[in-house]
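Next come the chains, spelled out residue by residue.
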Amino acid sequence: MTKRFLAAAAFVLLSSTVTASTTDIGATDIGAIFETACPFGDCAAGISLSYLSEFVIPTGHYLAISDDRSERGPARFYELDVDLDASGFKGVSIVKQVTLKDKNGAPFAARTVDPESIRLGKDGIYWGSEGDGKALLAPFVRVASPDGSFVREFKLPEGFAPTADKSTGIRDNLAFEDIAIAPSGDVFVGVEAALYQDGPKSSLMSGSLSRIVRYDGATGEPKAEYVYPVSPIPQAATKADGGNDNGMSEILALDDHRLLAVERSYAQGFGNNIKIMMIDLADATDVSTIASLAQNDQRVVPVRKSQVLDLRAIGLVPDNIEAMSLGRAKDGAEVLILGSDNNFSTSQKTQFYAFKILSRPQQ
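Residues numbered from 1 in each chain as written. Predicted model: local features only at pLDDT ≥ 70, side-chain atom pairs only at ≥ 80, totals over all residues. Heavy atoms only, no water.

Moving on: the state of the cysteines. For the structure shown, the criterion picks out one disulfide. Here cysteine 38 connects covalently by a disulfide to cysteine 43, the sulfurs 1.9 Å from one another. Disulfide cysteine 38-cysteine 43: torsion about the S-S bond near 90 degrees, hence right-handed. Exposure remark for cysteine 38: the relative accessible area of 31% places this residue in the partly exposed category. (Disulfide = S-S within 2.5 Å. Buried < 20%, exposed > 50% of the residue type's maximum accessible area, 1.4 Å probe, protein only.)

Given below as structure tokens:
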């Protein structure tokens, strides 16, 4: 995290200035405190947040890394300045737009990439493509230079590439959605829902076994894989035949083994549910040698998971939250910033929430 906030999700941007207002939707008061003293019963992992505000960018204006598959323009990312102090958001402005380049040095051809997340690493900009299960396009994590040029690519673990018969590999639109970088330099990459061989995606009655890949950030080689149990869909669609889903849409490293995760669900006719979870990888089983979680007789310990925040439950009306980053307000306070992806839809919002971090886990 630098003085500029690099959003770690797909936001849409069409120009370089912004006119927007700070609003507070729902029953949440500025300064309201939300505390989870002992996640997983571990009081050293306690976290406390104070709500600052919501900032809405009108639909069609701005974002940080676009999930445009090089169809509306070249695959790209943006640098944002976030004007934030103790009283909340003052504004979000775009500093620069950068075109991402493929290995051949040219912009990505249409539908050859699906950018979803971005982080600032030690040797460049780390970003991920979700791939395309229908087109059998594998997901990837790459490092780019500040001008968007290709630097290197991480190794895709066995079993993640999509397959025509859907026997193994990623599900379409439920693949590499998240990237987090630990203080050690290790990189975590989360899959939104279970690989085909690991079981079903979430339903109203059951959850899904997602995998988090731990990479050596310096070499791009996989080091381990962990199971993250995505929760069942918390809300039914308002119509019997309406669509709904739930998946892990973002992760953020707090230290070398504790992360925050966003579970983002949608129910047609209702909208989004957004829950922030704390997870702990310590003592979780490395499942990298287990080909199928659904057909496995070994003992597997998933990551520990504890809910930190439910945005609906505190009175907010969140959109499609897919971004999460740590930052600093003007007064030096550490803040947690959440952002949404409006899916290029005029019925959705490019939205930011900010929470002041009063305390967080100690090593």
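In this section: the packing of aromatic side chains. Tallying each qualifying case throughout the model produces eight aromatic pairs. For the ring pair tyrosine 51 and tyrosine 353, a centre distance of 6.4 Å and an interplane angle of 55 degrees mean the geometry is tilted. Taken together, the positions of tyrosine 51 in strand β3 (residues 47–57) and tyrosine 353 in strand β20 (residues 350–359) put the pair 302 residues apart, joining distant regions of the chain. Side by side, tyrosine 51 and tyrosine 353 carry an identical accessibility label, which is buried. Between phenylalanine 108 and phenylalanine 140, the aromatic rings sit 6.4 Å apart at their centres with planes inclined by 15 degrees, giving stacked as the arrangement. Linking phenylalanine 108 in the loop between β5 (88–99) and β6 (115–121) with phenylalanine 140 in strand β8 (residues 140–144), this pair joins segments that are 32 residues apart in sequence. In terms of burial, phenylalanine 108 and phenylalanine 140 fall into one category: buried. Three or more aromatic residues joined by ring pairs make a cluster, and in this case those are Tyr51, Tyr353 and Phe355. Sitting over the face of the ring of phenylalanine 344, arginine 72 holds its NZ or CZ atom 4.0 Å from the ring centroid. Across from the ring centre of phenylalanine 140, 4.0 Å away, lies the NZ or CZ of arginine 142, which sits over that ring. (Phe/Tyr/Trp six-rings, centres within 6.5 Å; stacked < 30°, edge-to-face > 60°. Helix = DSSP H or I, 4+ residues; strand = E, 2+ residues; numbered from the N terminus. Lys NZ or Arg CZ within 6 Å of the ring centre and 35° of its normal.)

So yeah, pure geometry; function would need other evidence.
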